[in-house]
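Chains, contacts and geometry: an overview
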Amino acid sequence: MKKAASVLRYVILTLGALIMILPFFWMLSTSLKTQPETVQIPPVWIPKQLQWGNYVEAFKAAPFARYFVNSVIVTTVTTVGQLFTSILAAFAFSKLHFWGRNLVFMIFLGTMMIPGEMLIIPNFVTLSNMHLVNTYGALILPWLASFFTVFTLRQTFNSVPDQTYYAAKIDGASDWRFLWHILVPMSKSTITAVTVLQVIGSWNAFMWPLIVTNDENMRTLPVGLQAFTTDAGTNYALLMAASTFVIIPMVIVYIFLQKYIIAGISNSGLKG
Amino acid sequence: MLNEKPTVKSTIKGWLYLLPMLVITITFNIYPIIKSFLMSFYTKYDFYNDIVSAYGFSNFTYLWNDPDFHLAVRNTLVFVIGVVPLNIIISLAIALLLNKIKFLAGAFRTIYFLPFVTSTVAIAQVWNWIYHSDYGLLNYLLGLVGVNPINWLNDPKWAMPALIIMSIWKGLGFNIVLFLVGLNNINTRYYQAAEIDGANAWRQFTNVTLPLLSPITFLVTVNGVIGSFKVFDEIFALFQGSSGPSKSALTIVYYLYEKFYTEWKYGIAAASGVVLFFLILFVTLIQLWYSRKHVHY
């Protein structure tokens, strides 16, 4: 009885896992087919001869190299910048005592209720008045601060006892030194978690980059891929090859840093 | 203790630490929040020079009378109702199964979570191909069990189900992880006690697991509802830059995008954003009110 239940569990979980993995498998499989193979019925599961050339062809068919560089720049600067502003703010909210602290904190907590999609229109107007549309500035600036990150980091900083802070101060450490040499290293796992989640979010972001870039040279990978669908037409092998190289970098990040991603999400769950 | 009372000096220091974040959030969060509420009342607006020549409610009356907006609200609600409950049931079931096994549990979790880290736009191209009416994998597989080919992406009747299936597939992993946290936090003593009292597996599930899991279920529901109300990327990518056949997948955010980006009707777009905000607020408040009664902390 117990054994049967256990077998049943594995059967269901395996079936579910197959459904989850199937689109990825199908993407890879199609990306390595010849054009006639892509439309063959019954479908070809594993192509006779793997057409690695599809990747080269897809990469050349649109300025994917440029998109890739754009995505790397935007993701890196956004993540580093946001981390910097958030660490400073979280430290102030967690360890410093000053007038207006709680009021500001409450106001920002309130703004988290607002759907970000609402802000797109005024932000677009602001950036076009600054003549920043179609520049890295437009892609990066609005994302250099995130109250969600501040909030998460503040929770972690709060869990470091105030005594540590006072002890460091008595030893003559400045606030700045305490923050970067003691508090940040002590909160390494949370910082890694928010960093990885931010990298994934930036890399995959679509609506904002779509709106602020109409110059082909400024597109990020997801926007470039979307534009490519029109050029690729019915050449599904090329389209799947292009989709693969948009997806692969984050899959690699995920495989290596899975522990932190899961921990980051679990944490957000515990707080709620 | 040191530093307990705020002084002028500590206040200057505190605000200096906040400054970088404040500059960005005031410019790109706080100001635009106020601005978008104001904009929804702009009826004549020259955005190049940011000059408003008339205010009024006509943007809202436009929405009230626009059949497209009604459709967008209806489609959004259908999407939320189609995605959230199913996602919760499936992810809870999988989390319960995963929680009971040891061997390969990590590998399964990795696989179920994988869609979460992948670009929506890229994976939607894959689904677009899977849904292809003539050569798609899904119709082939359905054909094996005798189902006639479905025109998933071009038949207005099937576009929304196609969008819902893809969205559930993509969102499962996130909820599974949260449910696993919740299940881990349940003290095994409760189950031992229930066992002694002679509760069978189903009774244990309804009387121990569900009530103790209710804070996580609540979080997952609120998260899911808010996220689903704002669906956009999935639609744009799955339907290749359109709102589906005969606008069958036109949602509120898609409507906002079209009014703003393709029709340049900023006031109407902003007004639709305001409606979205109040809809989300209203639904969230209902959930909060319900949770007061039914969530056991």
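Just so it is clear, the model here is predicted, and its values are computed rather than measured. (Residues numbered from 1 in each chain as written. Chains lettered and ligands numbered in written order. Predicted model: local features only at pLDDT ≥ 70, side-chain atom pairs only at ≥ 80, totals over all residues. Heavy atoms only, no water.)

1. Some remarks on the packing of helix 4 (residues 64-95) of chain A against helix 8 (residues 147-158) of chain A
All names here are of chain A. Viewed as axis vectors pointing N to C, helix 4 and helix 8 meet at an angle of 50°, and their least axial separation amounts to 8 Å. Classed by the angle they form, the pair helix 4 and helix 8 counts as oblique. Viewed along their axes, helix 4 and helix 8 form a crossing whose handedness is right-handed. Contacts between helix 4 and helix 8 involve Gln82, Ser86, Ile87, Ala89, Ala90, Phe91, Phe93, Ser94 and Lys95 on the former and, on the latter, Phe147, Thr149, Val150, Leu153, Arg154, Phe157 and Asn158. Across the contact of helix 4 with helix 8, the residue classes break down as 9 nonpolar, 5 polar and 2 charged. (Axes fitted to C-alpha atoms, helices over the stretch in contact; angles between N-to-C directions. Helix = DSSP H or I, 4+ residues; strand = E, 2+ residues; numbered from the N terminus. Parallel < 35°, antiparallel > 145°, perpendicular 65-115°, else oblique. Left-handed = near helix turned anticlockwise from the far one by under 90°. Contact = heavy atoms within 4.5 Å. Nonpolar A, V, L, I, M, F, W, Y, C, P; charged D, E, K, R; others polar.)

2. Concerning the UniProt feature "transmembrane region" (unreviewed entry) in chain A
Here, UniProt's "transmembrane region" (unreviewed entry) annotation points to residues 7-28, 67-91, 103-124, 136-157, 178-200 and 236-257 of chain A. Split by type, residues 67-91 of chain A is 100% helix and 0% strand. Its first and last C-alpha atoms lie 36 Å apart. (UniProt positions renumbered as here; feature names shortened; annotations may be inferred.)

3. Regarding the environment of Gly137 of chain A
All names here are of chain A. Following the sequence through the fold, Gly137 ends up in helix 7 (residues 136-140). Its relative accessible area of 21% is what places Gly137 among the partly exposed residues. Taking C-alpha positions, Gly137 is 8.5 Å from Leu127, a pair spaced 10 residues apart along the chain. (Buried < 20%, exposed > 50% of the residue type's maximum accessible area, 1.4 Å probe, protein only.)

4. Describing a nonpolar patch on the surface
A cluster of nonpolar side chains, Phe25, Trp45, Ile46, Leu50 and Trp52 of chain A together with Leu141, Leu144, Val145 and Val147 of chain B, forms an exposed patch at the surface whose accessible area comes to about 880 Å². Examined against the element boundaries, Leu144 of chain B turns out to sit in helix 6 (residues 137-144). (Patch = residues over 30% accessible without salt bridge, like charges linked within 9 Å, V, L, I, M, F, W, Y side chains within 5 Å. Areas by Shrake-Rupley, 256 points an atom, 1.4 Å probe, with all protein chains shown as cover. Salt bridge = Lys/Arg side-chain N within 4 Å of Asp/Glu carboxyl O.)

5. A look at the pattern of salt bridges
Evaluation of the coordinates by the stated rule reveals 7 salt bridges over all chains. With a shortest N-O distance of 2.6 Å, Lys13 of chain B and Asp175 of chain A are connected by a salt bridge. Here Lys13 of chain B, found in helix 1 (residues 8-39), pairs with Asp175 of chain A, found in helix 10 (residues 175-186), and the two come from separate chains. Exposure remark for Asp175 of chain A: the relative accessible area of 2% places this residue in the buried category. Salt-bridge contacts for Lys265 of chain B lead to Glu263 of chain B; the nearest nitrogen and oxygen are separated by 3.3 Å. Among the charged side chains, a salt-bridge network with shared partners connects Lys169 and Asp175 of chain A together with Lys13 of chain B.

6. Points about the side chain of Gln287 of chain B
Residue and element names in this part refer to chain B. Structurally, the position occupied by Gln287 is in helix 12 (residues 266-294). Note on Gln287: relative accessible area 12%, which makes it buried. Discounting chain neighbours no more than four positions away, the residues touching Gln287 are Phe218, Thr221, Val222 and Val225.

7. Topic: helix 5 (residues 120-130) of chain B
Helix 5 of chain B sits mainly inside the fold: 11 of its 11 residues count as buried. All of the buried residues in helix 5 of chain B are Thr120, Val121, Ala122, Ile123, Ala124, Gln125, Val126, Trp127, Asn128, Trp129 and Ile130 of chain B.

8. A few points about the domain arrangement of chain B
Residue and element names in this part refer to chain B. Here chain B is partitioned into domain 1 (8-59) and domain 2 (60-294). A straight line from the C-alpha centre of domain 1 to that of domain 2 covers 32 Å. Listed per partner, the contact involves 12 residues of domain 1 and 13 residues of domain 2. Note on domain 1 versus domain 2: buried area summed over both sides is about 960 Å², and carbon and sulfur give 72% of it. Between the two partners, domain 1 and domain 2, sit 0 salt bridges. Linking domain 1 with domain 2 are 7 residue pairs in polar contact (both at pLDDT 80 or more), by the criterion used here. Secondary structure elements with two or more residues in the side of domain 1 that touches domain 2: helix 1, strand 1 (42-46) and helix 2 (58-65). With 3 residues, helix 1 is the single largest residue contributor to the side of domain 1 that touches domain 2. When the residues that make up the side of domain 1 that touches domain 2 are grouped by side-chain class, the tally is 8 nonpolar, 4 polar and no charged. (Domains from an automatic or database assignment. Buried area = accessible area lost by both parts, 1.4 Å probe. Polar contact = N/O pair within 3.5 Å; in protein donor to acceptor, adjacent residues only side chain to side chain.)

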